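So the chains spell out like this:
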Amino acid sequence: MSHSEHPFDAADLDFSPAQMASMGEDVLRRIVAHLQALPETPSRGTLEGCADLCRSLREPTPEQGAELDALLSPLFEEWIPRSFNTPHPGYLAYIPGGGLYPAALADFISATTNRYTGIWDAAPALVQLEANTLDWLRDWMQFPDTTRGLYTTGGSMAMFNAIACAREKLLGHNIRSGTLYVSTQSHHCIEKAAKLAGIAHDRVREIDVDAHYRMRVDVLQQQIAADRAAGLKPFMVFSTAGTTNTGAVDPMDAVANLCAREGIWHHVDGAYGAFFHMVPELRPLLAGLARADSLTLDPHKGLFMPYGIGALLVRDGEALRALHSSTAGYLPDNQSEFYDPAQYGPNLSRGFPGLRVWLSVKLLGAARFRAALAEKRTLAVEAAEKIAQIPGIVMDAEPQLSLFAFHLQSSALTTLDAQNAATRALMERITRRGKVMLTGAQVGERFLGRVCVLSFRTRREEMDICVQQMAEEAAAVLAEAAAK
Ligand SMILES: Cc1ncc(COP(=O)(O)O)c(C=O)c1O
């Protein structure tokens, strides 16, 4: 029964087919207009005054409903624009996300058909589609058939599951003696995930990096030996395939060798960089990644998906299952032939993340993802070469993948503080011009400017603008410093 066929019935929460179609059209019209206008919108939305705005947005529960259009208008016109413009073609800040349109359609299908994909028995064919996509990730990463995977909400939760898995397999109940190793450049979410997984701060070791910001395997080895001598049990090392600060790729082969010798679980954080492994000619840049015991991937970065999807691959799929497998009287018996999400991950009821990947990859084909990734790398390399020529720019980290980092220096910028302030100003001035958005990172004592090319919408045009504005604004910042 629908609204249109009856007088108002407060308990009927459904909509008639005509209402659904019309509501959907309203939303779609706004979305298409929004995406069409993206290149003309500022690369970073207006954030001034947002604290006041947020205070004004606080409201009690609405007792009565409102018209859809009255809700969509401020959302699209006032609130969405007041945010980082993450899907903008000029978004070169942090690690860019994407937001492929077919993935959004998949989310809409998942939410409206609302099938239960937590257990295989409830939607076998749909769960199989998700399993297929995890097998695609496995194949792209050249992991073996023993691998099992899991979609998470992001890279951070993939780390959490990886740590829990390694901890369970290698430490059992003896958690307190276990030590875990990251580099000084590892993502902060690993330490957070470690804490969630029961590995306290005082059991996490930060290993120094070399001049290219890569983990020093000699220091790692010494630290492992020192911990063993102290009666502790080193159990897990994190390498990064593309750090957030500078894009550094750790020496994963050397770390894999060390971990194999020492009986330690080697996890690779490929949240930013792993998808470059899809491209055969770029694989040498990620040598050793395929040897990891487990790998974090972030489809909401390198596979251009909308936010909300990370992934974990575990070489010993049985270890992932051993961690999560459980049953209850109200559930069907566990079966082993088919992938069963609840047996490999912490969620029972869940969305259907695999459909995003399935629909996008089936619709576009893997070849186009490879082409896009290869292009992002080329754009970064070419832009870095040009930016390195700009007077005053010192390139601190060449692009190992598609991210590079640099700072400003001149005879007028005599102190580190002055150079840091100038580099900050450079990022901010370019961003304010509205065509590209750039952010930097504090790395030790130095503030580094960064450019990260990973949005599928970033093409040569945006990179040309980035290079040109970098030259103009660097000259302006240096001129101001010289005039002081
Ligand atoms: C290298 C790296 N690891 C982990 C993460 C955390 O991933 P997420 O934000 O998906 O939780 C990020 C996020 O930018 C990252 O760049």
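Quick word on the sheet that holds strand β4 (residues 233-240)
Okay, step 1: If you walk across this open sheet you meet the seven strands as β1-β7-β6-β5-β4-β2-β3, and the pairing is mixed. Because the sheet does not close on itself, it has two edges, and the strands there are β1 (148-152) and β3 (204-207). Across the sheet, the mean angle separating the axes of adjacent strands is 20° when strand polarity is ignored.
Okay, step 2: For β1 and strand β7 (residues 310-314), the ladder comprises five bridges, and the chain directions are antiparallel. What sits directly across from G149, in β7, is L313.

Describing the site of the ligand
Okay, step 1: Near the ligand lie 14 residues; those nearest to it are G155, S156, D269, D298 and H300.
Okay, step 2: In the environment of the ligand, an oxygen atom lies 2.7 Å from a nitrogen or oxygen atom belonging to the backbone of G155.
Okay, step 3: T244 places a polar side-chain atom, nitrogen or oxygen, 2.9 Å from an oxygen atom of the ligand.
Okay, step 4: When the ligand sits alone it has 390 Å² of accessible area, and the protein chains cover 85% of it.
Okay, step 5: Among the secondary structure elements, those contributing two or more residues to the shell around the ligand are α6 (155-170) and α10 (299-302).

Section: the domain arrangement of the chain
Frequently, the measure chosen for interface size is the accessible area removed from exposure when the parts meet.
Okay, step 1: Domain boundaries assigned for the chain yield domain 1 (105-365) and domain 2 (368-483).
Okay, step 2: Of note, the centres of domain 1 and domain 2, computed from C-alpha atoms alone, are 31 Å apart.
Okay, step 3: With 31 residues of domain 1 in contact, the opposing surface of domain 2 contributes 22 residues.
Okay, step 4: Carbon and sulfur atoms supply 72% of the area that domain 1 and domain 2 bury against each other, a total of about 2300 Å² over both sides.
Okay, step 5: Interface area lost by domain 1 to domain 2 is led by Y272, F276 and F304, which between them contribute 29%.

Calculation rules
- Residues numbered from 1 in each chain as written.
- Predicted model: local features only at pLDDT ≥ 70, side-chain atom pairs only at ≥ 80, totals over all residues.
- Heavy atoms only, no water.
- Pairing = 2+ DSSP bridges.
- Helix = DSSP H or I, 4+ residues; strand = E, 2+ residues; numbered from the N terminus.
- Axes fitted to C-alpha atoms, helices over the stretch in contact; angles between N-to-C directions.
- Near = heavy atom within 4 Å.
- Polar contact = N/O pair within 3.5 Å; in protein donor to acceptor, adjacent residues only side chain to side chain.
- Areas by Shrake-Rupley, 256 points an atom, 1.4 Å probe, with all protein chains shown as cover.
- Domains from an automatic or database assignment.
- Contact = heavy atoms within 4.5 Å.
- Buried area = accessible area lost by both parts, 1.4 Å probe.

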